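Structural overview
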Amino acid sequence: MLITDISTIPYREVMDLSLLGELFHPMLFGDQVSARYSIAHARVAAGKKTLPHTLLRSSEAYYILQGKGIMHIGSESRHLSEGQLVYIPPGQVQFIENAGDDELIFLAIVDPLWQSGDEILGTPEQKKSPHMNQFMEEAIREAESGLAEGGIPIGSVLVRDEKIIGRGHNRRVQEGDPMVHAEIDCLRNAGRIGSYAGCTLYSTLMPCYLCAGAVVQFRIPEVIVGESRTFEGAAAFMRSHGVRVLDLDHQRCIEMMRSFITKYPDLWNEDIGTT
């Protein structure tokens, strides 16, 4: 019997800016379950709203557990309250705003199950929406290159004006240098670019305090990460310094790191300073 407890699941700020905890996702349990849907527990603070976004192939349903909201789907808007459920067809731009004084809490049920490649930010003015997944794919390629070299599979790219201006991957093992984390390698390869205003740093894994320090030092305004399940990193530190941090909870990134940590726990513990 498989039971998940909402009091133990981690929450992260995801692409649409909601706080989300994965209550049930078949990819998290391997062969223990067979299901085509996923269920997340989502929270939106008072006065806040999610970013417009679109699920390209999956349908979704929100069941309101607490609070009041205004649901926007395409050109339609409706008020929602506790005990109500709203259906969201695939391919529709959607967002929900908290219309009350308390936190808005709801279940998000996705069928077929949620996958990062199926979701895009849904408005043309969101500069990341056409290319965000493409840039994360490039970071993943960097991570795979590091793994092929016998290193730790973490990759990073630096983007400005919709172009990659720097890329790198973790080379601690390859170069015998404890400082060459993926984000540091990426920034070194970008070279001297002057101001980092308008830049976005992509990383397959939530940056550690070393790399987050570089982000804050250079005033990089935005960091988009593949995942933070395997390593919590320094998200709170970056956000406390005004950095916008988005966690895509990308399944390929999660699976890549979990596989590596299982096979090479000593290398991993050395990398994060827990040896």
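Below you will find a few notes about this structure. (Residues numbered from 1 in each chain as written. Predicted model: local features only at pLDDT ≥ 70, side-chain atom pairs only at ≥ 80, totals over all residues. Heavy atoms only, no water.)

**Some thoughts on helix H6 (residues 251-263)**
Taking 1.5 Å per residue, 13 residues should reach 18 Å; H6 reaches 18 Å between its end C-alpha atoms and fits that length. Turning to H6, its buried residues are Gln 251, Cys 253, Ile 254, Met 256, Met 257 and Phe 260. Where H6 is buried, its residues contact helix H1 (132-148) and helix H7 (265-271). (Helix = DSSP H or I, 4+ residues; strand = E, 2+ residues; numbered from the N terminus. Expected span 1.5 Å × (residues − 1). Buried < 20%, exposed > 50% of the residue type's maximum accessible area, 1.4 Å probe, protein only. Contact = heavy atoms within 4.5 Å.)

**A few points about empty space enclosed by the protein**
On inspection of all chains with the given rule, the structure shows one cavity of 30 Å³ or more. By volume, the largest cavity amounts to about 290 Å³. If you trace the largest cavity, you find 24 residues lining it, with Val 14, Asp 16, Leu 20, Trp 114 and Glu 119 closest to the centre. Mapped by element, the contributors of at least two residues to the lining of the largest cavity are strand S2 (19-24), strand S3 (38-44), strand S4 (53-55), strand S5 (59-66) and strand S10 (104-111). Here the lining of the largest cavity is composed, by residue class, of twelve nonpolar, six polar and six charged. (1 Å grid on protein atoms, 1.4 Å probe; cavity = no way out; pocket = protein on both sides within 12 Å on 5 of 7 lines; lining within 4 Å. Points joined across faces, edges and corners; volume = space filled by probe spheres on them. Nonpolar A, V, L, I, M, F, W, Y, C, P; charged D, E, K, R; others polar.)

**Quick word on the packing of H1 against H6**
Between H1 and H6, the shortest axis-to-axis distance is 11 Å and the interhelical angle comes to 15 degrees. With respect to H6, the element H1 is oriented roughly parallel. Classified by chirality, the crossing of H6 by H1 is left-handed. Judged by residue contacts, Met 136, Glu 137, Ile 140, Ala 143, Glu 144 and Leu 147 of H1 engage Arg 252, Cys 253, Met 256 and Phe 260 from H6. A class-by-class count of the residues in the contact of H1 with H6 yields seven nonpolar, no polar and three charged. (Axes fitted to C-alpha atoms, helices over the stretch in contact; angles between N-to-C directions. Parallel < 35°, antiparallel > 145°, perpendicular 65-115°, else oblique. Left-handed = near helix turned anticlockwise from the far one by under 90°.)

**Comments concerning the packing of aromatic side chains**
Taken as a whole, this structure holds eight aromatic pairs when the rule is applied. Seen in terms of ring centroids, Phe 260 and Tyr 264 are 5.1 Å apart; in terms of plane orientation they differ by 40 degrees. Their pairing is tilted. By relative accessible area, Phe 260 is classed as buried at 4%. The rings of Phe 24, Phe 29 and Tyr 37 are connected pair by pair, giving a single aromatic cluster. Geometry around Tyr 11 places Arg 43 over its ring, the cationic atom sitting 4.6 Å from the centre. (Phe/Tyr/Trp six-rings, centres within 6.5 Å; stacked < 30°, edge-to-face > 60°. Lys NZ or Arg CZ within 6 Å of the ring centre and 35° of its normal.)

**Quick look at the nonpolar core**
Ranked by size, the top nonpolar core spans 32 residues in total, and within it Leu 158, Met 238 and Trp 268 carry the most contacts. For this core, the secondary-structure elements that each account for two or more residues are helix H3 (182-190), strand S14 (199-203), helix H4 (209-217), strand S15 (222-225), helix H5 (235-240) and H6. Counting residues in hydrophobic clusters, the runner-up holds 17 residues, among them Met 15, Phe 135, Val 157 and Leu 248. (Core = buried A, V, L, I, M, F, W, Y, C linked by side-chain atoms within 4.5 Å.)

**Here's the deal with the layout of surface pockets**
Put simply, the largest pocket is a space of about 240 Å³. As for the largest pocket, its lining consists of 17 residues, and the residues nearest its centre are Tyr 11, Ser 228, Glu 232, Ala 235 and Arg 239. If you list the elements that add at least two residues to the lining of the largest pocket, you get strand S1 (12-13) and H5. The biggest single contributor to the lining of the largest pocket is H5, with four residues. Of the residues assigned to the lining of the largest pocket, the class counts are nine nonpolar, two polar and six charged. Reported here for the second largest pocket is a volume of approximately 200 Å³. Glu 13, Leu 17, Ser 18, Leu 19, Arg 43, Val 44, Ala 45, Lys 48, Lys 49 and Glu 103 are the residues that line the second largest pocket. Residues that form the lining of the second largest pocket fall into these classes: four nonpolar, one polar and five charged.

**A word on the side chain of His 250**
Assignment of secondary structure puts His 250 in the loop between strand S16 (244-247) and H6. A relative accessible area of 7% means that His 250 is categorised as buried. Not counting residues within four places of it along the chain, the set of residues in contact with His 250 comprises Ser 116, Met 136, Glu 137, Ile 140, Gly 226 and Glu 227.

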